[in-house]
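A look at the structure
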Amino acid sequence: MKSTQLRCRYHTDNTSMTVSWKSLPTFLHICLLLCTTGAVIQQFQLEPANQTVLQGSDVKFNATVQGQWLFMTWSVGDNLVLTVPVESNGTSSLPQFSAKFCSTGDPSCVEFTIHNVNRSTNGLVTCSVQGAYGSKTAQFNVQESGTVNILGGNVTADQDQQVEFQCVTTAWFPIPTVSWTQNSNAIDSSLYNTSSMADGDLFNSTSVLKFQAVKNTTVECCATLPALTNPLSSSVSLVVVPKPPTVPKPPDWTVLIAVVVSFGGAALLALLILGIIFCCNRRKEKQSNYQDEMSRRVRTQSQLSTVSEAALRRGQANRGFEPEGQTSVSPSELTDSGSYQANGPIAYQMPDILNGEQTGNGYNSAQHTLDGSGFRKHRHLTFV
């Protein structure tokens, strides 16, 4: 008779094996043992598996056990900190650690609390239940919040002026997330930048916000951590001074004035040069005219000198000479010049025209005494 084989797949390791009917009782015993162990494991839970808290607060873990148990132990890091017997109604405490039943008289849930946590207690929490329950591990992280402050306080700025705000966070762990709001509305992260630096085992951050002032607003800087329920913040007010009414600017005549002045200066310079040239020509003309005039005067004077010398050589006739014994002259004997012609010696009569002095061309002046006829007789001839 052929033996019948049975294929069975075990779900924990996804392996398959083939057994004969003869080994079936042994196989069923192993499966029952594995199922029993799995059921026990599923009856023990530790929650939450991971949590983050702020320094100075309390952190709590709940251990849930289905079934009977006698003792439960709690360890933080590598240190056993608390033992909880079921007979004590789950109550056990130390200055920083405590445990109690989640509900009075119900040993299926135990609440474990670490009071006033700090970063030195940061790490793993292990709960162990005596018997086949084994142990469970959870983790917690301690964070530290510092201060937030916007430097400079309230700001007053002109409309459309660029304004700047600086927010400083001090003594945080880890580095906080910094954000800005304007009238409770989030500001785009492109308008500000944040930098951080370590200060011992803590961190300080600086965030600078820049934007254009448009209207009155409230500016708020917020810093937060995962453990913070509400971010820490600092706020200031921005007061915007409206622009005065726009007055049209007068036209800019600078370029035009510069051009006009340039051309005007060039024109004046040209006129000055032309004036200098004109004056020089006039001066040359005057010098030429003066020289011509002097030459003409010299020629005239030379001619006059020649005539005077000839006249001096010839002498002058005394037209007032009258021979003795003749007292009157007939009209027929008078010449065109007012003298008369006789057969004897020539006699002239010279009137005393001005009865004064007369000079010029070689004549000597003399005062004459007139007689009743208005003539004076001379018997001498004068040469000049």
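Remember, it's a predicted structure, so these values are computed and weren't measured experimentally. Within each chain, residues carry numbers counting from 1 in the order of the written sequence. With the structure being a predicted model, the display of local features is reserved for residues of pLDDT at least 70 and the display and counting of side-chain atom pairs for 80 or more, all residues being used for whole-chain, interface and lining totals. Excluded from the side-chain calculations are hydrogens and water; all other atoms, namely the structure's heavy atoms, are used.

**A closer look at unusual backbone geometry**
Counted only if it meets this: What counts as a helix is a DSSP run of H or I of at least four residues, what counts as a strand is a run of E of at least two, and both are numbered from the N terminus. Per-residue accessibility, obtained with a 1.4 Å probe over protein chains only, is compared with the maximum for each type, and a residue is labelled buried under 20%, exposed over 50%, and partly exposed between these values.
In this structure, the amide linkage connecting E47 to the following residue, P48, adopts the cis form with an omega of -10°. Along the polypeptide, P48 turns up in the loop between β3 (44-47) and β4 (50-54). With omega at -10°, the peptide bond leading from F173 into P174 counts as cis. Positive phi, close to 60°, is recorded for A171, a residue that is not glycine. Mapped onto the secondary structure, A171 falls in strand β15 (residues 162-172). Within the chain, S184 stands out as a residue other than glycine whose phi angle is a positive 70°. Among the structural elements, S184 can be located in the loop between β16 (177-182) and β17 (185-186). Using a relative accessible area of 67% as the deciding quantity, one classes S184 as exposed.

**Re the confidence of the model for the protein chain**
As a reminder, the rule being used: Note: pLDDT gives the predictor's confidence per residue, expressed from 0 to 100. Should any heavy atoms of two residues lie within 4.5 Å, those residues are considered in contact.
Within the protein chain, residue pLDDT values average 76, and 68% of them lie at 70 or more. Below a pLDDT of 50 lies the segment residues 331-372, which in the model reaches 51 contacts outside its immediate sequence neighbourhood of four places, other chains included.

**Points about the packing of aromatic side chains**
This is how the line gets drawn: Classification of ring pairs uses Phe, Tyr and Trp, with its six-membered ring standing for Trp, and accepts pairs whose centres are within 6.5 Å; under 30 degrees between planes counts as stacked, over 60 as edge-to-face, and the remaining range as tilted.
Going through the model one piece at a time under the given rule, you end up with six aromatic pairs. Ring geometry for W69 against F101: centres 6.5 Å apart, planes inclined by 90°, an arrangement best described as edge-to-face. Of this pair, W69 sits in the loop between β5 (59-65) and β6 (71-76) while F101 sits in strand β9 (residues 97-103), and the two are 32 residues apart along the sequence. Take W69: its relative accessible area is 4%, and that puts it in the buried class. With a relative accessible area of 9%, F101 lands in the buried category.

**Considering the side chain of E111**
Inclusion rule: Charge assignment in this entry is limited to Lys and Arg as positive and Asp and Glu as negative, and neither His nor the chain termini are counted. By salt bridge we mean one thing: a side-chain nitrogen of Lys or Arg within 4 Å of a carboxyl oxygen of Asp or Glu.
As for its placement among the helices and strands, E111 is situated in strand β10 (residues 106-114). No salt bridge is formed by the buried E111; the nearest opposite charge belongs to K100, separated by 4.1 Å. Other than its neighbours up to four places away in sequence, E111 contacts K60, F61, N62, S98, A99, K100 and C102.

**Considerations on a nonpolar patch on the surface**
Test applied: Nonpolar side chains (Val, Leu, Ile, Met, Phe, Trp, Tyr) are joined into patches within 5 Å and like charges within 9 Å, using only residues with over 30% relative accessible area and no salt bridge. Every accessible area reported is derived by Shrake-Rupley at a probe size of 1.4 Å, with residue values counting cover from the shown protein chains alone.
On the surface, a nonpolar cluster with roughly 810 Å² of combined accessible area is contributed by L268, L269, L271, L272, I273, L274, I276 and I277. Examined against the element boundaries, L274 turns out to sit in helix α2 (residues 254-314).

**Re the sheet that holds β3**
Which entries qualify depends on this criterion: When DSSP locates at least two bridges between a pair of strands, those strands are taken to pair.
One open sheet accounts for five strands, arranged β3-β5-β10-β9-β8; its pairing is antiparallel. The open sheet is flanked by β3 and β8 (92-93), the only strands paired with a single partner. Relative to β10, β9 is paired through six bridges, and the arrangement is antiparallel. The residue of β10 that forms the bridge with A99 is F112.

**Section: the sheet that holds strand β7 (residues 79-85)**
Defined as follows: In this analysis, axes come from line fits to C-alpha atoms, helices being fitted only over the stretch in contact, and the angle between any two N-to-C directions falls in the range 0 to 180 degrees.
The mixed open sheet is built from five strands, whose spatial order is β4-β12-β11-β6-β7. Edge strands, defined here as strands with exactly one partner in the open sheet, are β4 and β7. Averaged over neighbouring strand pairs, the angle between their axes works out to 25° when direction is ignored. Taken together, the six bridges between β6 and β7 define a ladder with antiparallel strand orientation. In the strand pairing of β7, S75 is matched with L80.

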